[in-house]
Every structure is written in C-alpha cells, then in structure tokens.
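A structural walkthrough
Listed here are the chains, written in short residue letters.
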Amino acid sequence: MSQTKPTLLFFTQETSGPARRMESLLAHLARKERGRLRISRIDAAASPEWVERLSVTQIPTLILLKERKPVERLEGRVSAPQIERMLAPHLEPQEAEPAVA
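This one's a predicted model, so the numbers in the text were calculated from it and none came from an experiment.

The side chains of a regular strand alternate between the sheet's two faces. Two strands pair when backbone bridges link them, and strand 3 (residues 61–66) and strand 4 (residues 69–75) are joined in this way by 6 bridges, in the antiparallel orientation. Bridging across to strand 4, L62 finds its partner in L74. Between strand 3 and strand 4, which pair antiparallel one after the other, the connecting turn spans 2 residues, and E67 there sits at a positive phi close to 50°.

Further remarks concern helix 1 (residues 17–32). With 16 residues, helix 1 extends 24 Å between its outermost C-alpha atoms, agreeing within 8% with the 22 Å of an ideal straight helix rising 1.5 Å per residue. Along helix 1, the sharpest change in direction is near 35° and occurs at E23. Three or more residues of helix 1 are buried, namely G17, A19, M22, L26 and L29. Against strand 1 (7–12), strand 2 (38–43), strand 3 and helix 3 (80–87) lie the buried residues of helix 1. Its side-chain oxygen placed 3.1 Å from the backbone nitrogen of A19, S16 serves as the N-cap of helix 1.

Here we come to unusual backbone geometry. Residues I59 and P60 are joined by a peptide bond in cis, for which omega reads 0°. Within the element layout of this structure, P60 appears in the loop between helix 2 (48–53) and strand 3. Positive phi values are uncommon outside glycine, yet S55 reaches one of about 50°. Its place among the elements puts S55 in the loop between helix 2 and strand 3. Of note in this structure, R68 is not a glycine but carries a positive phi near 65°.

A word on the pattern of salt bridges. For the structure on display, the rule yields 4 salt bridges. Across the pair K32 and E84 runs a salt bridge whose closest N-O atoms are separated by 2.9 Å. One end of the pair, K32, is in helix 1; the other, E84, is in helix 3, and 52 residues separate them in sequence. Judged by its relative accessible area of 42%, K32 falls in the partly exposed class.

If you look at the biggest cluster of nonpolar residues, it comprises 15 residues, and the most contacted ones within it are L8, L26, L62, I83 and L87. For this core, the secondary structure elements donating two or more residues are strand 1, helix 1, strand 3 and helix 3. For this core, the element with the most residues is helix 1, which contributes 4 residues. In this structure, F11, V51, L54 and V56 belong to the second largest nonpolar core, which totals 9 residues.

Take the side chain of S16 next. One can find S16 in the loop between strand 1 and helix 1. Given the relative accessible area of 9%, S16 is considered buried. Once you skip the residues sitting within four places of it in the chain, S16 turns out to touch I59 and P60.

What counts, and where the lines are drawn
- Numbering of residues starts from 1 in every chain and runs along the sequence as written.
- Owing to the predicted nature of the model, reporting of local features is limited to residues with pLDDT of at least 70; listing and counting of side-chain atom pairs is limited to 80 or more, with chain, interface and lining totals taken over all residues.
- Excluding hydrogens and water, the side-chain figures rest on all heavy atoms present in the structure.
- When DSSP finds two or more bridges between two strands, those strands count as paired.
- Secondary structure elements follow DSSP: runs of H or I of four or more residues count as helices, runs of E of two or more count as strands, with numbering from the N terminus.
- The span you would expect from a helix comes to 1.5 Å times its residue count less one.
- Working definition for bend: take the seven residues up to and ending at a residue and the seven starting at it, fit an axis to each, and measure the angle between the axes.
- Residue burial is assigned from relative accessible area. The probe radius is 1.4 Å, only protein chains are included, and a residue is buried under 20% of its type maximum, exposed over 50%, and partly exposed in between.
- Should any heavy atoms of two residues lie within 4.5 Å, those residues are considered in contact.
- The definition of a polar contact used here is a pair of N or O atoms within 3.5 Å, where within protein one atom must be able to donate a hydrogen and the other to accept one, and adjacent residues in sequence count solely through side-chain atom pairs.
- Salt bridges are identified by distance alone: a Lys or Arg side-chain nitrogen within 4 Å of an Asp or Glu carboxyl oxygen.
- Residues enter a nonpolar core if they are buried and are Ala, Val, Leu, Ile, Met, Phe, Trp, Tyr or Cys, with the set joined through side-chain atoms within 4.5 Å.

Honestly, that's just the spatial picture; any functional story needs more than this.
Following this line, the structure appears as structure tokens:
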C-alpha cells in the first residue's frame, strides 16, 4: 500500500452553477472513498496561484494528484460514473466486506 492517498482537487467558484451542482456528488464521493482518497475543494477566485500552476481554464475542474503530481483531469460538469472511471485505476483495492453468515 502506498504511503499517501491520491488527492482529488475540486476547482470551484461561488458563481459557477455547474460547480455548485457537483458539490453533493463530491460530498458523497468523499464519504464513500474516505479510506482511499482525499478531496480538496479549491476556490479558484481565492487561489489564482493554484489555477495558474495547474492550468485550470474551466470551472469546475477535477484534477487527481498522485505523489503530488497531476495524473488525471476532468473539466466541466461531469457525472459520478465519469469520476469513478477516472479514479478506478488510481485507488488502492478496497478491503473486502466480511461475509455475513
């Protein structure tokens, strides 16, 4: 198992309707994957240095970091299945649920 969990950066902005509509989807994802993934919300207006450093041109944008390097990116409003497909190859396998007799 790797030392650090991947981090999903969620670039949002108060005035972005599509980003606001993705908030609950990402909150659900954060709960579901809390053992395998960190999610950081970044307000693009308040953090222009991050926007510039990672070449964010659209809000919302999701950028997956592994070992502090960007490995995947989704721009614009996306669905839960799109996010899960992007994340799947980068997350540690989930622990198997104990069998119920």
